[in-house]
Amino acid sequence: MSSRRSRSRQSGASRITDDQIADLVTKLQQLIPELRRRRSDKVSASKVLQETCNYIRSLHREVDDLSDRLSELLESTDSDSAQAAIIRSLLM
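Residues numbered from 1 in each chain as written. Predicted model: local features only at pLDDT ≥ 70, side-chain atom pairs only at ≥ 80, totals over all residues. Heavy atoms only, no water.

In the annotation of an unreviewed UniProt entry, the entry for the protein chain reads BHLH domain-containing protein, and the organism field reads Coffea canephora. The UniProt entry for the protein chain carries the following comment under Subcellular location (unreviewed entry): "Nucleus". (UniProt positions renumbered as here; feature names shortened; annotations may be inferred.)

Brief notes about the side chain of E51
On the secondary structure map, E51 appears in helix α4 (residues 45-75). Assessed through its relative accessible area of 12%, E51 is described here as buried. Setting aside residues no more than four positions away along its own chain, E51 makes contact with I32, E34, L35 and R38. (Helix = DSSP H or I, 4+ residues; strand = E, 2+ residues; numbered from the N terminus. Buried < 20%, exposed > 50% of the residue type's maximum accessible area, 1.4 Å probe, protein only. Contact = heavy atoms within 4.5 Å.)

Notes on a negative patch on the surface
Taken together, the side chains of E62, D64, D65, D68, E72 and E75 make up a negatively charged region of the molecular surface. With respect to the helices and strands, E72 occurs in helix α4. With relative accessibility at 52%, the residue E72 sits in the exposed group. (Patch = residues over 30% accessible without salt bridge, like charges linked within 9 Å, V, L, I, M, F, W, Y side chains within 5 Å. Areas by Shrake-Rupley, 256 points an atom, 1.4 Å probe, with all protein chains shown as cover. Salt bridge = Lys/Arg side-chain N within 4 Å of Asp/Glu carboxyl O. Lys, Arg positive; Asp, Glu negative; His and termini not counted. Charge placed at Lys NZ, Arg CZ, Asp CG, Glu CD.)

Focus on the nonpolar core
Counting residues in each nonpolar core, the largest one holds 5 residues, listed as V25, I32, L35, V43 and V48. Excluding its chain neighbours within four sequence positions, the residues that come into contact with I32 are E51, T52 and Y55. (Core = buried A, V, L, I, M, F, W, Y, C linked by side-chain atoms within 4.5 Å.)

Regarding the packing of helix α2 (residues 18-31) against α4
Packing of α2 against α4 leaves a shortest axis separation of 10 Å and a crossing angle of 40 degrees. The pairing of α2 with α4 is recorded here as oblique in orientation. Here the hand of the crossing between α2 and α4 comes out left-handed. Across from V25, L28, Q29 and L31 in α2, the residues of α4 making contact are A45, V48, L49, T52 and Y55. Here the residues of the contact of α2 with α4 sort into 7 nonpolar, 2 polar and no charged. (Axes fitted to C-alpha atoms, helices over the stretch in contact; angles between N-to-C directions. Parallel < 35°, antiparallel > 145°, perpendicular 65-115°, else oblique. Left-handed = near helix turned anticlockwise from the far one by under 90°. Nonpolar A, V, L, I, M, F, W, Y, C, P; charged D, E, K, R; others polar.)

Here's what the structure looks like:
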């Protein structure tokens, strides 16, 4: 058992069991497309966390790219148009 977990148990902090951790890792695995595609159920928790981080980074890049595209679109539209108002609301 990790020393961090044993310290939290000693300090009376909220406890999380190994079963709860395993359940959370399984749920997380189901959310990540790269891991969902795999046929094997045997994926380590560290791999699930690593792939989760990679997926979150890719989502951040996608959001940044979409924001840039919306900004470019906004620059090319009439600033008083309804379309510009919609784009501005998306950028907020």
